[in-house]
Amino acid sequence: MAESTKNATLTVGDKTIELPMFSPTSGPDVIDIRKLYAQAGVFTYDPGFTSTASCDSTITFIDGDEGILTHRGYPIGELAEKSHYLEVCYLLLYGELPSPVELEDFEHRVTNHTMIHEQMINFFRGFRRDAHPMAVMVGVVGAMSAFYHDSTDINDEWQREVASIRLIAKMPTIAAMAFKYTIGQPFVYPRNDLDYASNFLRMCFAVPAEDYVVDPILSRAMDRIFTLHADHEQNASTSTVRLASSSGANPFACIAAGIACLWGPAHGGANQACLEMLKEIGTPDRIPEFIARAKDKDDPFRLMGFGHRVYKNFDPRATVMKQSADEVLELMGVENNPILQVAKELEKQALEDPYFADKKLFPNVDFYSGIILEAMGFPTSMFTPIFALARTVGWISQWKEQLNDPQLKIGRPRQLYQGEDIRAYVDIEKR
Ligand code: CMC
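Residues numbered from 1 in each chain as written. Predicted model: local features only at pLDDT ≥ 70, side-chain atom pairs only at ≥ 80, totals over all residues. Heavy atoms only, no water.

**Student:** What am I meant to see in the overall build of the protein chain here?
**Tutor:** When helices and strands are counted, the protein chain shows 18 helices and six strands. Against the compact-globule benchmark of 22 Å for 431 residues, the protein chain has a radius of gyration of 23 Å, which places it among compact chains. C-alpha atoms of the protein chain, sized along the principal axes, occupy 75 × 65 × 55 Å. Relative to its 431 residues, the protein chain shows a buried fraction of 48%. Considering only intrachain contacts with a sequence separation of at least 6, the fraction spanning at least 24 residues in the protein chain is 69%. Accessible area for the protein chain stands at about 21600 Å²; split by element, carbon and sulfur atoms hold 53% of it. If you average the places of the 41 positive and of the 58 negative side-chain charges in the protein chain, the two averages end up 5 Å apart. (Helix = DSSP H or I, 4+ residues; strand = E, 2+ residues; numbered from the N terminus. Rg over C-alpha atoms; globule rule 2.2 N^0.38 Å. Buried < 20%, exposed > 50% of the residue type's maximum accessible area, 1.4 Å probe, protein only. Contact = heavy atoms within 4.5 Å. Areas by Shrake-Rupley, 256 points an atom, 1.4 Å probe, with all protein chains shown as cover. Lys, Arg positive; Asp, Glu negative; His and termini not counted. Charge placed at Lys NZ, Arg CZ, Asp CG, Glu CD.)

**Student:** Sorry, what's going on with the sheet that holds strand β1 (residues 6–12) here?
**Tutor:** Sheet strands pair by backbone hydrogen bonding; their relative direction is either parallel or antiparallel. Taken together, three strands build an open sheet; the order of strands is β1-β2-β3 and the sheet is antiparallel. What marks the edges here is a single partner per strand, and that holds for β1 and β3 (30–31). (Pairing = 2+ DSSP bridges.)

**Student:** Would you explain the packing of helix α11 (residues 251–262) against helix α18 (residues 383–403) in this entry?
**Tutor:** When two helices pack together, you describe them by how their axes are tilted relative to each other and by the distance separating the axes. At a closest axis distance of 10 Å, the pairing of α11 and α18 adopts a crossing angle of 135°. One element, α11, and the other, α18, form an angle in the oblique class. Crossing handedness for the pair α11 and α18: right-handed. Contact residues: α11 offers P251, C254, I255, G258, I259 and L262, while α18 offers T384, F387, A388, T392, W395, I396 and W399. (Axes fitted to C-alpha atoms, helices over the stretch in contact; angles between N-to-C directions. Parallel < 35°, antiparallel > 145°, perpendicular 65-115°, else oblique. Left-handed = near helix turned anticlockwise from the far one by under 90°.)

**Student:** Please clarify how the site of the ligand should be interpreted in this entry.
**Tutor:** Taken together, the neighbourhood of the ligand is formed by 22 residues, with H267, K297, L303, R309 and K359 sitting nearest. Within the contact set of the ligand, a nitrogen atom lies 2.7 Å away from a backbone nitrogen or oxygen of L303. Within the side chain of N364, one N or O atom sits 2.9 Å away from an oxygen atom of the ligand. Considering the ligand on its own, with 950 Å² of exposed area, one finds that the protein chains cover 75% of that surface. (Near = heavy atom within 4 Å. Polar contact = N/O pair within 3.5 Å; in protein donor to acceptor, adjacent residues only side chain to side chain.)

**Student:** Explain the environment of Y417 to me, please; I cannot follow it from the model alone.
**Tutor:** Note that Y417 resides in the segment after α18. Judged by relative accessible area, Y417 falls into the exposed class, the value being 52%. The sequence separation of Y417 and V320 amounts to 97 residues, and the corresponding C-alpha distance is 45 Å. Here the side chain of Y417 touches E420 through a polar contact of 2.6 Å, landing on its backbone oxygen.

**Student:** In this structure, what is going on with unusual backbone geometry? I would like to understand it.
**Tutor:** Peptide bonds are trans in most cases, and residues, glycine excluded, mostly fall at negative phi. Here the phi dihedral of R72 falls at roughly 50°; this positive angle occurs in a residue that is not glycine. Looking at the element boundaries, R72 is found in the loop between β5 (68–71) and β6 (74–75). The phi dihedral of E233 falls on the positive side, at around 55°, and the residue is not glycine. For E233, a relative accessible area of 26% translates into the label partly exposed.

**Student:** Looking at this structure, I do not really get the pairing of strand β4 (residues 60–63). What am I missing?
**Tutor:** Two faces make up the sheet, and in a regular strand the side chains alternate between them. The two faces of β4 differ: T60 and I62 on one face are buried, but F61 and D63 on the other face are not. Sheet analysis places β4 next to β5, joined by four bridges and oriented antiparallel. What sits directly across from F61, in β5, is T70. Hairpin connection between β4 and β5: a loop of four residues separates the two successive antiparallel strands, and G67 in this loop has a positive phi of roughly 70°.

**Student:** So what exactly am I meant to see when it comes to the pattern of salt bridges here?
**Tutor:** Side chains that carry opposite charge are capable of pairing whenever their charged atoms lie near each other. Enumeration over the complete set of coordinates arrives at 18 salt bridges. Between D32 and R34 there is a salt bridge; the shortest N-O distance is 2.8 Å. Residue D315 is joined to R317 by a salt bridge in which the shortest nitrogen-to-oxygen separation is 3.0 Å. On the accessibility criterion, R317 (3% relative accessible area) is buried. Put simply, D105, R109, E161 and K400 are held in one network by salt bridges that share partners. (Salt bridge = Lys/Arg side-chain N within 4 Å of Asp/Glu carboxyl O.)

**Student:** Even after reading the chapter, I still don't get a nonpolar patch on the surface, so can you show me in this structure?
**Tutor:** Residues I217, L331 and M332 make up a contiguous nonpolar surface patch of about 210 Å² in total accessible area. Of note, L331 is situated in helix α14 (residues 316–332). (Patch = residues over 30% accessible without salt bridge, like charges linked within 9 Å, V, L, I, M, F, W, Y side chains within 5 Å.)

**Student:** Looking at this structure, how should I read empty space enclosed by the protein?
**Tutor:** Summary: where empty space remains is shown by rolling a probe the size of a single water molecule over the atoms. With the rule as written, the count across this model stands at two cavities of 30 Å³ or more. Here the largest cavity is characterised by a volume of approximately 50 Å³. What lines the largest cavity is simply M115, I116, E118, I121, T173, M177, V188, Y189 and P190. Split into classes, the residues belonging to the lining of the largest cavity amount to seven nonpolar, one polar and one charged. Computed from the structure, the second largest cavity encloses a volume of approximately 30 Å³. If you trace the second largest cavity, you find it lined by G307, H308, Y311, N313, F314, D315, K360 and F362. A breakdown of the residues in the lining of the second largest cavity according to their chemical character gives three nonpolar, three polar and two charged. (1 Å grid on protein atoms, 1.4 Å probe; cavity = no way out; pocket = protein on both sides within 12 Å on 5 of 7 lines; lining within 4 Å. Points joined across faces, edges and corners; volume = space filled by probe spheres on them. Nonpolar A, V, L, I, M, F, W, Y, C, P; charged D, E, K, R; others polar.)

In short, geometric facts, not functional conclusions.
The structure is reproduced here in structure tokens:
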């Protein structure tokens, strides 16, 4: 961590204390309050962490006002256009873009870990056929701790590396198997001659009865969806992974915790919730009714796929995703699909509405990713598992970074207690 060059002065009652400040490479200065309780006997209160930096990191930077997202300094738009997902994975994990030799070696390592332990198939068979694939993913990824004992020792750097590669390599296989299981089709094993995105598409859509050839436009769009979801700073699921790992939990358990957090509709579950909302709206003439509900303070309804905690201008991922959506819709010949018509019209009407403009609510990445995945033929229940598989590399990169941090402590927030003060116990016969 860089040296502090200036202080912030805080007065609490009759005490004045100096708090060190740090200047990041980009973004606002940060006040170091680690000694605040010891020095002033007070806590800070910040539910939702809207003003709190929970760690220092060198991986991803977001400027929400300017709509900037960079990984290791490279803007996301450039990465989505010029790189591909596994190259971005390498960048996130190791800090630099790979040379051709490094990339080949990395791709080889990932490709050679794509199969899962055959006995894990029994886990899948234990779930009900109608189980949500996210439920299956939480369970199966957590269960990896029971199958890969040789990569659960977090103090062994080699084991950490093996666990990282295993998770990135096996996540598409697990997500595709979760999908196949719910639709009652046989599992399709990975093929090592295909690239990461094509292999996933094939595992999802191939059947033993006929040949399946992956369309390069779909494969490119899938790869872009993976790339655009690869990492996103200290969001809820990443913070969950970091918190779980701060206790020394094994990597598979930590990533399962991240998947559980991602599932919620305010986070990764928004892509599914968005498509379900579009289906509920049904026809463009009902859009004003739903926009009115989203604006109504007494109605909890929100326009899913709109708004973001950090982006208050535009979501740079959404800009790239919108281009991919146009390409895929044209390829699939579904521009006139009624749900997609509703999506286009909703986007237009919401962007013209002063409520959304004043509150800086714009379509986020999940608005467009859901549209692409729908056009590709994925059921809505698979949208969040696809997000989870893509985000795995981000979780792992942040997990590895945290384990290398000499200042690592178990995460243990405090609270503003507002319950009863100590009171006398009342015996049951007197209650
Ligand atoms: N529709 C209608 N009103 C909204 C929406 C929306 N989608 N999002 C926020 N608002 C309003 C909200 O009612 C509040 O109004 P007021 O100030 O009058 O009380 C104001 O905007 C600020 O909202 P907030 O809940 O304080 O903002 P937040 O930063 O805590 O929430 C969010 C961010 C993403 C959870 C929220 O915008 C939301 O629920 N959006 C819909 C779900 C969604 O699309 N999530 C995916 C996020 S991108 C993928 C990811 O990172 O996982």
